[in-house]
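# Working through the structure, step by step
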Amino acid sequence: MITNDDCTNCKRAAIRLGYWKDPYIDLFSKGKPTIERKTPEINRGYYARVVSIKIIIGQFLDYVESQGKQCQIVNLGCGFDTLFWRLTENSKNASTIKHFVDADLHGITSRKIYHIRHRPELLSSLGEDIKFNPMELQSNVYKLIPADLRDTNNLSTKLFNECLLDRDLPTLFLAECVLIYMTVENSNNLISWISSNFTNAFFINYEQINIFDRFGQIMVDNLRQRDVELLDLDSCKDLDSQKSRFTNNGWDNVDAWDMYHVYRHGIPREDLDRIERIEFLDEANLLEQLLTHYCLVIAKKGLADFNIEF
Ligand SMILES: C[S@@+](CC[C@H](N)C(=O)[O-])C[C@H]1O[C@@H](n2cnc3c(N)ncnc32)[C@H](O)[C@@H]1O
């Protein structure tokens with residue numbers, strides 16, 4: 001709960017200043033949300049996270065389209081992420097996505113459903129045929145399901161029997177700051193379950209790294225003081241540990257970059273020029289320090305001819 005609220009508030013703070021556009025995020029709030037200002041390096045970090053993930057998903061959708069296929073997207077630990085609405089507002093992508101599943105613990109899905117039900121701007125994108133109960137929503141393309149990712153049997157029932165996912169369609173799994181909240185056994189089990197159950201899968205994991213150095217330990221301690229326990233620290237040791245959790249669990253091909261690399265090489269220069277004018281950054285090394293403690297990992301199972309250009 002705290003983590004989703006924190007993350008949503010950080011995204012709102014950056015959006016409010018114009019780092020990127022998201023007309024949907026404020027709709028996941030009763031009334032107009034109050035937004036606390038964040039430091040420029042936090043805003044730039046969130047910008048790099050949201051924009052780089054969107055670039056990679058865009059490449060995946062282009063690939064699927066070039067194959068004349070449709071795909072499925074599963075947003076693991078989705079929180080209040082607005083990805084479905086941001087992707088489908090562009091009608092080109094809308095027809096490429098056959099199923100889009102948002103999955104999180106029921107405490108989050110019930111809050112997310114409440115907001116969707118009360119906001120015509122969100123509801124109107126879901127089509128006519130919508131079924132919901134207080135925790136779960138099923139529409140033609142968009143589905144919001146309560147699922148504890150530690151329980152892959154239940155996840156399997158939800159994804160295959162209720163959401164009717166196809167094991168062979170290209171399927172993108174996104175986990176944005178989620179796996180670290182599970183034990184190493186649970187996160188490995190999830191990653192292995194996905195590679196065993198989908199023939200053409202693509203995983204994007206955004207998460208912490210270098211967690212055992214001084215700055216990393218300060219991040220862990222700050223969260224611990226707020227009763228947020230990060231459980232899978234071992235996988236967040238460095239880029240190699242982030243990659244090996246996939247190669248050891250059935251994935252064919254894995255790449256990983258720290259966010260400092262992604263910031264400098266993965267985002268178009270003209271976009272960086274624009275956002276770097278929004279706020280003055282006092283100390284560039286603070287940004288570098290922050291960005292070298294987060295990473296993007298991409299893993300493929302099948303999809304041999306799909307390559308990310310980054
Ligand atoms: C930091 S938030 C990130 C939310 C979203 N991915 C984003 O980036 O906006 C972490 C999310 O993971 C979810 N989560 C943590 N453990 C989970 C579990 N065992 N099963 C399902 N969701 C979980 C939390 O409820 C929370 O919404």
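Residues numbered from 1 in each chain as written. Predicted model: local features only at pLDDT ≥ 70, side-chain atom pairs only at ≥ 80, totals over all residues. Heavy atoms only, no water.

## Observations concerning the packing of helix α7 (residues 152-162) against helix α8 (residues 184-197)
- Axis separation between α7 and α8 bottoms out at 11 Å; the angle between their running directions is 40 degrees. It follows from the interaxial angle that α7 and α8 lie oblique. You can see that α7 and α8 cross each other, and the crossing is right-handed. Residue-level inspection shows T152, L155, S156, L159 and F160 of α7 in contact with α8, the latter providing N189, L190, W193 and N197.
- Counted by class, the contact of α7 with α8 contains 5 nonpolar, 4 polar and no charged residues. (Axes fitted to C-alpha atoms, helices over the stretch in contact; angles between N-to-C directions. Helix = DSSP H or I, 4+ residues; strand = E, 2+ residues; numbered from the N terminus. Parallel < 35°, antiparallel > 145°, perpendicular 65-115°, else oblique. Left-handed = near helix turned anticlockwise from the far one by under 90°. Contact = heavy atoms within 4.5 Å. Nonpolar A, V, L, I, M, F, W, Y, C, P; charged D, E, K, R; others polar.)

## Here we look at the site of the ligand
- The immediate surroundings of the ligand are formed by 19 residues, with K11, R49, G77, D104 and L149 found nearest.
- A distance of 2.8 Å separates an oxygen atom of the ligand from a polar side-chain atom of R49.
- D104 places a side-chain nitrogen or oxygen 2.6 Å from an oxygen atom of the ligand.
- Within the complex, the protein chains bury 95% of what would otherwise be the 590 Å² of accessible surface of the ligand. (Near = heavy atom within 4 Å. Polar contact = N/O pair within 3.5 Å; in protein donor to acceptor, adjacent residues only side chain to side chain. Areas by Shrake-Rupley, 256 points an atom, 1.4 Å probe, with all protein chains shown as cover.)

## Some words on the pattern of salt bridges
- Here the structure, examined in full by the defined rule, presents 24 salt bridges.
- Linking E176 and R49 is a salt bridge whose minimum nitrogen-to-oxygen distance equals 2.6 Å. You can see E176 sitting in strand β6 (residues 171-176) and its partner R49 sitting in helix α2 (residues 40-66), a full 127 residues away along the chain.
- Overlapping salt bridges bring together K11, D22, R49, D81, R86 and E176 as one network. (Salt bridge = Lys/Arg side-chain N within 4 Å of Asp/Glu carboxyl O.)

## Description of the environment of A147
- Tracing the sequence through the fold places A147 in the loop between β5 (142-146) and α7.
- It is 39 Å that separates the C-alpha atoms of A147 and E279, two residues lying 132 residues apart in sequence.

## Considering the side chain of K300
- Residue placement: K300 occurs in strand β9 (residues 294-301).
- Buried within the structure, K300 lacks any salt-bridge partner; its nearest side chain of opposite charge belongs to D305, at an N-O separation of 7.0 Å.
- Among the polar contacts listed, one links the side chain of K300 to the backbone oxygen of F306, at a separation of 2.5 Å.
- Setting aside anything within four residues of it in sequence, one finds K300 in contact with A201, F202, W251, D252, N253, F306 and N307. (Buried < 20%, exposed > 50% of the residue type's maximum accessible area, 1.4 Å probe, protein only. Lys, Arg positive; Asp, Glu negative; His and termini not counted.)

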